Amino acid sequence: MSERDPLVAGNWKMNGDASSLDGLLDGLLTELSGLALRRCSVLVFPSYVYLGQVAQKLLGSGIGVGSQDVDQRAQGAVTGGVSADMLKDVGCRFVLVGHSERRTLFAESDKLVTDKFEQCRSQGLVPIICVGETLEERRQDRTIEVVTRQLKVVTSRVGLAGFDGAVIAYEPVWAIGTGESATPEQAEEVHAGLRRSLAELDENLSCRTRILYGGSVTADNAVALFGMENVDGALVGGASLKANSFAEICKAAEES
Ligand code: 13P
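Right, let's walk through the structure included here. Bear in mind the structure is a predicted one, so any value in this text is a computation, not a measurement. (Residues numbered from 1 in each chain as written. Predicted model: local features only at pLDDT ≥ 70, side-chain atom pairs only at ≥ 80, totals over all residues. Heavy atoms only, no water.)

A separate point is the overall build of the protein. Each helix and strand in the protein was counted, giving 11 helices and 8 strands. Along the first, second and third principal axes, the C-alpha set of the protein runs to 45 × 45 × 35 Å. In the protein, the proportion of contacts linking residues at least 24 apart, taken out of those at least 6 apart, comes to 72%. Of the roughly 11,200 Å² of accessible surface on the protein, a fraction of 50% belongs to carbon and sulfur atoms. In the protein, which carries 25 positive and 35 negative side-chain charges, the distance between the mean positions of the two groups comes to 3 Å. (Helix = DSSP H or I, 4+ residues; strand = E, 2+ residues; numbered from the N terminus. Contact = heavy atoms within 4.5 Å. Areas by Shrake-Rupley, 256 points an atom, 1.4 Å probe, with all protein chains shown as cover. Lys, Arg positive; Asp, Glu negative; His and termini not counted. Charge placed at Lys NZ, Arg CZ, Asp CG, Glu CD.)

As structure tokens, this is what we get:
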């Protein structure tokens, strides 16, 4: 890995309850205290309803908390909406935007994803913009085209200053929850393509932006993935729901 400090984020998706997540955090705090991480940042993304509870428990622990989604509007008559301000209020600093499950299950368009990205930035939250191709798009050799389009929709609206400090997550749709991770070489090829795309905006921005890989990351494949020049960490789904496997992934990032 490069001079960029690694980041490992656990996306808990729609899993757990108050008691099981409390237990998961206890396990994680114990595992991570034994690792004494210096370079690797660790984040967890619980469901909205547990954000406050999780953020309270992690206060002062060094583990950050993020939200899996945000409303694109600032406030008002939006029944069911959760604003960026509310997320900050309960201790959140990061937000996933454009996860493929949101794009597919909730029909989120590139425009809506960009609106959410902008909303995060305007409230001082760090967006993690997720991009990724379907299996069909990969078979058609359109991977780089698809992921750079998803990224450029955002960068062309927010520009250099608006993007700086954000994080990118490359998550091939075919690798999410399937047990079939991209190979380190496949991930590296796409990460390098995304970095080239960012360099068109600004070379320095491109060098300092962290690009995470997500899609069936486990303690077993993490070392090889993190060995790639342009893989700066991981966005982990299933394996983040077990304290020991998530901690193993953090350890691999720390030592990369
Ligand atoms: P899995 O690690 O379960 O494949 O999920 C990846 C993901 O979607 C993280 O956001």
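Here we take up helix H8 (residues 184-201). Given a rise of 1.5 Å per residue, 18 residues ought to cover 26 Å, and the 26 Å separating the end C-alpha atoms of H8 matches this to within 8%. Among all positions in H8, only Pro-184, Ala-187, Glu-188, Val-190, His-191, Ala-192, Gly-193, Leu-194, Arg-195, Ser-197 and Leu-198 are buried. (Expected span 1.5 Å × (residues − 1). Buried < 20%, exposed > 50% of the residue type's maximum accessible area, 1.4 Å probe, protein only.)

This next bit is on the pattern of salt bridges. Under the defined criterion, the tally for this structure stands at 22 salt bridges. Through salt bridges with shared partners, a single ionic network connects Asp-69, Arg-102, Glu-108 and Lys-116. (Salt bridge = Lys/Arg side-chain N within 4 Å of Asp/Glu carboxyl O.)

For the rest of this paragraph, the subject is the packing of aromatic side chains. Counting across every chain of the model gives 2 aromatic pairs. Between the NZ or CZ atom of Arg-102 and the centre of the ring of Phe-106, over which it lies, the distance is 3.7 Å. (Phe/Tyr/Trp six-rings, centres within 6.5 Å; stacked < 30°, edge-to-face > 60°. Lys NZ or Arg CZ within 6 Å of the ring centre and 35° of its normal.)

An α-helical segment advances 3.6 residues per turn. Residues three or four places apart therefore align on the same side. If you check helix H11 (residues 243-254), its first and last C-alpha atoms are 16 Å apart, about what 12 residues at 1.5 Å a residue would give, namely 16 Å. Within H11, 9 of the 12 residues are buried, which leaves it mostly tucked inside the rest of the structure. Residues Ala-243, Ser-245, Phe-246, Ala-247, Ile-249, Cys-250, Ala-252, Ala-253 and Glu-254 constitute the buried set of H11. For H11, the secondary structure elements touched by its buried residues are strand S1 (7-11), helix H1 (18-35), strand S2 (41-45), helix H10 (222-226) and strand S8 (233-236).

Further remarks concern the site of the ligand. Looking at the ligand, there are 13 residues lining it, with Lys-13, His-99, Gly-177, Ser-216 and Gly-238 nearest. Interatomic distance of 3.0 Å between a side-chain N/O atom of Asn-11 and an oxygen atom of the ligand. Protein chains shield 95% of the accessible area of the ligand, which is 310 Å² for the free molecule. Residue classes in the shell around the ligand are distributed as 4 nonpolar, 7 polar and 2 charged. (Near = heavy atom within 4 Å. Polar contact = N/O pair within 3.5 Å; in protein donor to acceptor, adjacent residues only side chain to side chain. Nonpolar A, V, L, I, M, F, W, Y, C, P; charged D, E, K, R; others polar.)

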